[in-house]
Amino acid sequence: HEVAAGENLLQACLDRGMLIPHFCYHEALGAAGACRLCAAMVAPAADKPARLDMLCMLRAADGMVIDVNAPYAKEFRKGVMEALMLNHPHDC
């Protein structure tokens, strides 16, 4: 997908119907980057190495490549969710 430069990457994904887990982000409130659930592999360009980053904290830039389905990102998100559930009050 192509998006306008400066567009919030998480919002761009959500606007295009992608199911990206997120907990602390809301379009009207902006990004906090605290929940870590929107993690994806992000490369500044196709020929540059990708790193794990939070989509809610990033703005689209020319040539940027993101992979939300990368195994490392999926495992990271799974670990975050497990930690959230382990530490969640059981009487909630």
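Rules of the game
- Residues numbered from 1 in each chain as written.
- Predicted model: local features only at pLDDT ≥ 70, side-chain atom pairs only at ≥ 80, totals over all residues.
- Heavy atoms only, no water.
- Helix = DSSP H or I, 4+ residues; strand = E, 2+ residues; numbered from the N terminus.
- Buried < 20%, exposed > 50% of the residue type's maximum accessible area, 1.4 Å probe, protein only.
- Areas by Shrake-Rupley, 256 points an atom, 1.4 Å probe, with all protein chains shown as cover.
- Lys, Arg positive; Asp, Glu negative; His and termini not counted.
- Charge placed at Lys NZ, Arg CZ, Asp CG, Glu CD.
- Salt bridge = Lys/Arg side-chain N within 4 Å of Asp/Glu carboxyl O.
- Disulfide = S-S within 2.5 Å.
- Expected span 1.5 Å × (residues − 1).
- Contact = heavy atoms within 4.5 Å.
- Pairing = 2+ DSSP bridges.
- Axes fitted to C-alpha atoms, helices over the stretch in contact; angles between N-to-C directions.

### Concerning the overall build of the protein
When you go through the protein residue by residue, the secondary structure sums to two helices and three strands. The N-to-C order of helical and strand elements in the protein reads α-β-β-β-α. For the protein, the spread of C-alpha atoms along the three principal axes comes to 45 × 30 × 20 Å. Going through the 92 residues of the protein one by one, you find that 30% of them count as buried. Accessible surface, the protein: about 6200 Å² in total, of which carbon and sulfur atoms supply 57%. Between the centroid of the 8 positive side chains of the protein and the centroid of its 11 negative side chains there is a distance of 4 Å.

### Section: the pattern of salt bridges
Oppositely charged side chains may form a pair once their charged atoms are brought near each other. Summed over all chains, the structure comprises two salt bridges. Notably, a salt bridge pairs E7 with R16, separated by 3.6 Å at the nearest N-O pair. Linking D53 and R51 is a salt bridge whose minimum nitrogen-to-oxygen distance equals 3.0 Å. Classification of D53 by relative accessible area gives buried; the value is 14%.

### Remarks on the state of the cysteines
For the structure shown, the criterion picks out zero disulfides. In this structure C13 is not part of a disulfide, and its nearest cysteine sulfur, from C38, lies 9.3 Å away. In this structure C38 is a free cysteine whose sulfur lies 3.7 Å from that of C56, the closest cysteine sulfur available. C38 sits in the buried class, given a relative accessible area of 2%.

### Some details on helix α2 (residues 71-86)
Its 16 residues give α2 an end-to-end C-alpha distance of 22 Å, which sits within 8% of 22 Å, the value for a rise of 1.5 Å per residue. Summarising the contacts, the buried residues of α2 are in contact with β1 (39-43) and β2 (51-54).

### Some words on the sheet that holds β1
Taking strand neighbours across the sheet as the criterion, the three strands line up as β2-β1-β3 in an open arrangement whose pairing is antiparallel. Looking at strand neighbours, the two that pair on one side only are β2 and β3 (65-67), the edges of this open sheet. Strand-to-strand, the axes of this sheet are offset by a mean angle of 45°, without reference to chain direction. The pairing of β1 with β3 spans three bridges and is classified as antiparallel. Directly across from A43, in β3, lies its bridge partner V65.

Such coordinate-based values are descriptive only and should not be taken to indicate function.
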